[in-house]
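Residues per chain, in single letters:
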Amino acid sequence: MKKYLVLLVALAMMLGFTACSDDDDNGTQADILGYSLDQFVTMADAIGITGAANDTIDYRSLYAYEIVGADGFSPRGSVNAGYDLLWNTFKSGYLVPSDNKRTWFPGDTVPGAFKVKNAAHIRVYRQIGVCGTADECLPQELGALPTYTVTNWNDEDEEAIKLSDLLQGYDGYSTVTISAVDGYSKTYDAEKIADGYYLLTSERTTFPTFNGEMEGSMKKFKHIATMQVNTTTKNGIGPHGNAPIEKANLVIDLPEHFDSYTSTKLTDY
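Residues numbered from 1 in each chain as written. Predicted model: local features only at pLDDT ≥ 70, side-chain atom pairs only at ≥ 80, totals over all residues. Heavy atoms only, no water.

Asker: An account of the state of the cysteines is requested, with residue identities and associated values reported.
Answerer: Enumeration according to the criterion identifies 1 disulfide in this entry. The disulfide partner of Cys131 is Cys137, and the S-S distance across this bridge is 1.8 Å. Torsion about the S-S bond of the Cys131 and Cys137 cystine: about 70°, corresponding to right-handed handedness. For Cys131, a relative accessible area of 2% corresponds to the buried category. (Disulfide = S-S within 2.5 Å. Buried < 20%, exposed > 50% of the residue type's maximum accessible area, 1.4 Å probe, protein only.)

Asker: Go over the environment of Leu167, please, and point to the residues and values.
Answerer: Along the chain, Leu167 turns up in the loop between α4 (163–166) and β10 (175–180). By relative accessible area, which is 1% here, Leu167 ends up buried. Those residues in contact with Leu167 that lie beyond four places of it in its chain are Val130, Tyr173, Val176, Ile193, Met227 and Val229. (Helix = DSSP H or I, 4+ residues; strand = E, 2+ residues; numbered from the N terminus. Contact = heavy atoms within 4.5 Å.)

Asker: Tell me about the sheet that holds strand β1 (residues 33–36), and please be specific about residues and values.
Answerer: Read from one edge of the open sheet, 4 strands run β5-β4-β1-β16, paired in antiparallel fashion. Here the strands that pair on one side only, and so sit at the sheet edges, are β5 (102–104) and β16 (263–265). Direction aside, the axes of adjacent strands within the sheet are offset by 40° on average. Bridge count between strand β4 (residues 94–96) and β5: 3 bridges; the pairing is antiparallel. In the sheet register, Tyr94 faces β5, and the bridge partner there is Trp104. (Pairing = 2+ DSSP bridges. Axes fitted to C-alpha atoms, helices over the stretch in contact; angles between N-to-C directions.)

Asker: Hey, could you go over helix α2 (residues 43–50) for me, with residue numbers and the actual values?
Answerer: Taken together, the buried positions of α2 are Ala46, Ile47 and Thr50. Seen end-on, α2 carries its buried residues on one side only, within an arc spanning 100°. Looking at α2, the residues exposed on the side facing more than 90 degrees away from the buried face are Ala44 and Gly48. Packing partners of the buried residues in α2 comprise β2 (63–69). Residue Gly51 follows α2 closely and has a positive phi angle near 70°. (Arc of directions from axis to C-beta.)

Scope: geometric values only; no functional claims are made or implied.
Written out as structure tokens, the structure reads:
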């Protein structure tokens, strides 16, 4: 009888140990931590490359973001992507160090090509959203457009792009509403748009033929975010593609260590 009792006690202990071990495994399973991508591109970074003076405005929305792997892979080269991310999408993503330092975006917000393994760099490109009256704005990276040398507001030579080049793809517009990152806007007729340039370093417009007759806020419009034409008629030209990598406004190296960054537990990873 004592032998049976000892065996029963031993069996109960073994079962209890197994149950506890299973619970312990479940309870100590490592959380998957992600670091939101917006931590790696600061407001100060955007202010620096935009040449802005107002540190209360988030200028990061003026840029497109290319994620680059340590092996040089970029979603630009994928048939499932081929483009850079705008700020609102980019900032929704995470870097996951425990999964080969992969970038990850929740849900189905972007193609799988943007889940870049061993992410090493972020390349940042100035873009302006071009819109028809019934269309969602289409980002145009400024570095993909032809450049011209024009006289800036300090009477110095500066590289610029033509405003009309930004609007290739739309025919027959008579007015264009230009909006800044802070929501400020002005409406121009097509003749002035055909004459106008956007200075790439000082981030101002200039209209060589019309500057003498235009008020300051119109002729020197700064920090353009979008340009909206008053037509939806498209001629099939554009978008202009991605800016070449040598024209990136900023290249950010992603960190190897994350002690100074804030992590988020990814429950649906």
